[in-house]
Amino acid sequence: MENDQKAPDANDLTPAGVATKLRDTSVVMLTTAVGDGKLVSHPMTIQGVTDEADVWFFVGRRGDQAHALTPGSAVNISISEAGSWLSVAGHAEFVEDAATVRELWNDSAEGYFPQGPDDPDLALLRVTTDSAQFWGLPGGRIAGAARMVRAMVTKQRAPGGTDTTEL
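The structure contained in this document is the topic of the report that follows.

Analysis parameters
Residues numbered from 1 in each chain as written. Predicted model: local features only at pLDDT ≥ 70, side-chain atom pairs only at ≥ 80, totals over all residues. Heavy atoms only, no water. Helix = DSSP H or I, 4+ residues; strand = E, 2+ residues; numbered from the N terminus. Buried < 20%, exposed > 50% of the residue type's maximum accessible area, 1.4 Å probe, protein only. Contact = heavy atoms within 4.5 Å. Areas by Shrake-Rupley, 256 points an atom, 1.4 Å probe, with all protein chains shown as cover. Pairing = 2+ DSSP bridges. Core = buried A, V, L, I, M, F, W, Y, C linked by side-chain atoms within 4.5 Å. Salt bridge = Lys/Arg side-chain N within 4 Å of Asp/Glu carboxyl O.

## Some remarks on the overall build of the protein chain
Argument step 1. Helix and strand counts for the protein chain come out as five helices and seven strands.
Argument step 2. Shown N-terminal to C-terminal, the secondary structure of the protein chain runs as helices and strands in the order α-β-β-β-α-β-β-α-α-β-α-β.
Argument step 3. Within the span of the protein chain, comprising 167 residues, buried residues form 37% of the whole.
Argument step 4. Of the contacts made within the protein chain by residues no fewer than 6 positions apart, 62% connect residues no fewer than 24 positions apart.
Argument step 5. Put simply, the protein chain shows about 9800 Å² of open surface, and 52% of that area lies on carbon and sulfur atoms.

Here it is in structure tokens:
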């Protein structure tokens, strides 16, 4: 890292900060509400994140996740790491855009869609984010984990905080 660049702030809840957090992880939990209101979560691999913190996924058209989504479905993306958690609320929509599919295509997607970016089961899902909430410990993962252990040993309240923002 060059001297004039700062490391991203772990508590940065601007759209750029949330986008950075999302780009720094590959698998998230995507939660949707099915017809009877029951919440269902599936692990999903992020294919891309915009500067506005909107998220792209590839989804199987015949899978349970795709069937739970209707145009504009409210969804939640969650990330959990040692000492920090991110919850991003938004709404999902299927997008028909072959150029974007090709732009986001990668080798790991081929494991799920063996016919490549033209696989008839492949659907492109965009989550337009509305808000984000972050819970975390100061100092990043290692320092945060150390603070948690210290709090457990000393029987004191763990350090940390939370913040919410509209995106």
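## Brief notes about helix H1 (residues 15–23)
Argument step 1. Gly-17, Val-18, Ala-19, Lys-21 and Leu-22 are the residues of H1 that are buried.
Argument step 2. On its buried face, H1 sits against strand S2 (39–49), strand S3 (55–60), strand S4 (73–81), strand S5 (84–95) and strand S6 (122–136).

## With respect to the pairing of S2
Argument step 1. When strand S1 (residues 27–33) meets S2, the two strands line up antiparallel, connected through seven bridges. Residue pairing across strands places Ala-33 opposite Leu-39, the latter belonging to S2.
Argument step 2. Hairpin connection of S1 to S2: five residues between the antiparallel strands, including Gly-37 at a positive phi of 90°.
Argument step 3. Count of turn residues in the S2/S3 antiparallel hairpin: five residues, of which Ala-53 carries a positive phi of about 75°.

## Focus on the nonpolar core
Argument step 1. Residues Val-18, Leu-22, Leu-30, Phe-57, Ile-77 and Leu-86 are the most contacted members of the largest nonpolar core, which totals 25 residues.
Argument step 2. Counting residues per element, the ones that place at least two in this core are H1, S1, S2, S3, S4, S5 and S6.
Argument step 3. Sort the elements by how many residues they give to this core and S6 lands first, with four residues.
Argument step 4. Sequence-distant contacts of Ile-77, defined by excluding residues within four places in its chain, comprise Leu-22, Val-28, Met-29, Leu-30, Val-55, Phe-57, Leu-86, Ser-87, Val-88 and Val-127.
Argument step 5. Counting 10 residues, the second-largest nonpolar core is a separate cluster that includes Trp-56, Leu-104, Trp-105 and Phe-113.

## Some details on the pattern of salt bridges
Argument step 1. Overall, the coordinates contain five salt bridges when judged by the stated rule.
Argument step 2. Where Asp-51 meets Arg-23, a salt bridge forms, and the shortest distance between an N and an O atom there is 3.0 Å. Of this pair, Asp-51 sits in the loop between S2 and S3 while Arg-23 sits in helix H1, and the two are 28 residues apart along the sequence.
Argument step 3. By relative accessible area, Asp-51 is classed as exposed at 56%.
Argument step 4. For Arg-102, the salt bridge identified is with Asp-118, shortest N-O distance 2.7 Å. A residue pair is termed long-range when its members are at least 10 positions apart, and Arg-102 in helix H3 (residues 98–104) and Asp-118 in the loop between helix H4 (107–110) and S6 qualify at 16 residues.
Argument step 5. According to the relative accessible area criterion, Arg-102 is partly exposed, its value standing at 45%.

## Some details on the environment of Leu-104
Argument step 1. For Leu-104, the location among the structural elements is in helix H3.
Argument step 2. Assessed through its relative accessible area of 12%, Leu-104 is described here as buried.
Argument step 3. When the C-alpha positions of Leu-104 and Gly-48 are compared, they lie 6.5 Å apart, and in sequence the two are 56 residues distant.

## Some thoughts on unusual backbone geometry
Argument step 1. The residue Ala-53 is not glycine, and still its phi comes out positive at about 75°.
Argument step 2. Looking at the secondary structure, you find Ala-53 in the loop between S2 and S3.
Argument step 3. Taking the relative accessible area as the measure of exposure, Ala-53 reaches 0% and is therefore buried.

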